[in-house]
Amino acid sequence: MDDITIQIEPYVPLIINAVKALVFLVIGFVAANLVSRTIRNRIVSNPRVDDTLGNFFASIAKWLILAVVVIAVLQLFGFQATSLVAVLGAATLAIGLALQGTLADIAAGVMLIVFRPFRIGQFVEANGISGTVKELNLFFTELATPDNVQIIVPNGKIWGSVITNFSAHDTRRLDITFGIDYGDDIDKAIAIVLERASADARVRKDPEPWVRVVNLNDSSVDLGVRLWCLASDYWELKFAFIKAVKEAFDAGGISIPYPHQVEIRKQADAA
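Computed from a predicted structure; not experimentally measured.

(A) The arrangement of the overall build of the chain in detail. For the chain, the count of helices and strands is 8 helices and 8 strands. A buried classification covers 28% of the 271 residues belonging to the chain. Sequence separation of 24 or more characterises 64% of the internal contacts of the chain that already satisfy a separation of 6 or more. Surface exposure of the chain reaches about 17800 Å², of which carbon and sulfur atoms provide 60%.

Printed below as a string of structure tokens:
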């Protein structure tokens, strides 16, 4: 037993430090998540502050706490803070070269927060990907497509592309084109479209509805329609208005032409 005790005794400090390190790591992860969640909830509950800021600052707080915890754990095993700073300084270049993409995503995340081209809950398109913004943190932006598919996009991809924000303004202009037959009464067709626009409460009076002849196609006269509405009513108004105008055209004797094909046959001369 004495021999076993002598063999174990040199490892006792190491075992104690390992247990302390494990406790520190557990407490650190719990504290990081708790602080992150608290910051997010406090900011989100404030109506004067954008939800995007809540997620971003919560992410920063979490990673800072985890960094402090890791440094504290390393100190338990004999690494001094000054030595760690020196090691980190020497490794910064290598890490920066190895993680260029990640560092670029972090920088892009900061730029997205500072300039705020979009906010949580807005529908955007960036880098050829469109969806509703669900989260923005240090590394990536989470989008949800209209059919509720999750898309994770690195911040660098978003910041380095053209960002189209469909929800940035309260109102949007709805553009629709209706084709009528060349033999139909153009003024009557325009009057029908304007009447349907006036009948829909979602269509704003200012700017007023706009209907003009915009093109003469091979088989139709095209009427361009511009309506203004709330951004939240855009899609429902579009679907309903197309249906309403089609029904009104049918009732008013206005036809919507479709392409016709003419078949020409050449008969061979009789032998």
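The structure having been displayed, the exposition proceeds.
(B) Quick look at the packing of aromatic side chains. Using the criterion set out here, one finds 6 aromatic pairs in the structure. When the ring of Phe178 is compared with that of Phe249, the centres are 6.1 Å apart and the planes differ by 75°; the resulting orientation is edge-to-face. Linking Phe178 in strand β6 (residues 171-180) with Phe249 in helix α8 (residues 234-252), this pair joins segments that are 71 residues apart in sequence. Taking 5.1 Å as the distance between ring centres and 85° as the angle between the ring planes, the aromatic pair formed by Tyr234 and Trp235 counts as edge-to-face. For Tyr234, a relative accessible area of 9% puts it in the buried group. Ring-pair connections join several aromatic residues into one group, and the members of that group are Phe178, Phe241 and Phe249. Over the face of the ring belonging to Tyr234 we find Arg172, whose NZ or CZ atom lies 3.9 Å from the ring centre.

(C) Focus on unusual backbone geometry. The amide bond that connects Asp206 to the next residue, Pro207, takes the cis arrangement and shows omega of 0°. Tracing the backbone through its elements, the reader meets Pro207 in the loop between α7 (186-199) and β7 (210-216). Even without being glycine, Arg116 reaches a positive phi, approximately 45°. Positionally, Arg116 belongs in the loop between α5 (100-115) and β1 (123-126).

(D) Up close: the pairing of strand β8 (residues 221-230). Among the 10 residues of β8, 7 are classified as buried, and the element is accordingly described as predominantly covered. In terms of strand pairing, β6 meets β8 through 10 bridges, oriented antiparallel. In the sheet register, Thr171 faces β8, and the bridge partner there is Leu230. Hairpin connection between β7 and β8: a loop of 4 residues separates the two successive antiparallel strands.

(E) Highlighting the pattern of salt bridges. Tallying each qualifying case throughout the model produces 5 salt bridges. In this structure, the salt-bridge partner of Asp200 is Arg202, at a minimum N-O distance of 3.0 Å. Since its relative accessible area comes to 15%, Asp200 is described here as buried. The shortest N-O distance in the salt bridge between Glu247 and Lys243 comes to 2.6 Å. On the criterion of helical spacing, the pair formed by Glu247 and Lys243 is a turn pair, its members being 4 residues apart in helix α8. Under the relative-accessibility criterion, Glu247 is labelled partly exposed at 44%.

Cut-offs applied
- Along each chain, residues carry numbers from 1 onward, in the same order as the chain's sequence is written.
- Local features in a predicted model are, by the rule used here, given only for residues with pLDDT of at least 70; side-chain atom pairs are given and counted only at 80 or more, and totals for whole chains, interfaces and linings are based on all residues.
- In computing side-chain values, all of the structure's heavy atoms are included and hydrogens and water are not.
- Numbering of helices and strands runs from the N terminus, with a helix taken as a DSSP run of H or I at least four residues long and a strand as a DSSP run of E at least two residues long.
- Only protein chains enter the area calculation, which uses a 1.4 Å probe; residues under 20% of their type maximum are buried, those over 50% are exposed, and those in between are partly exposed.
- It only takes one pair of heavy atoms within 4.5 Å for two residues to be counted as in contact.
- For accessible areas, the Shrake-Rupley method is used with a probe of radius 1.4 Å. Any residue's cover is judged against the shown protein chains and nothing else.
- For this analysis, a ring pair means two rings from Phe, Tyr or Trp (six-membered ring only for Trp) whose centres lie within 6.5 Å, classed as stacked if their planes differ by under 30 degrees, edge-to-face if by over 60, and tilted for the remaining angles.
- Criterion for a charge above a ring: Arg CZ or Lys NZ at most 6 Å from the ring centre, at most 35 degrees from the ring normal.
- Any two strands between which DSSP finds at least two bridges are classified as paired.
- We count a salt bridge whenever a side-chain nitrogen from Lys or Arg sits within 4 Å of a carboxyl oxygen from Asp or Glu.

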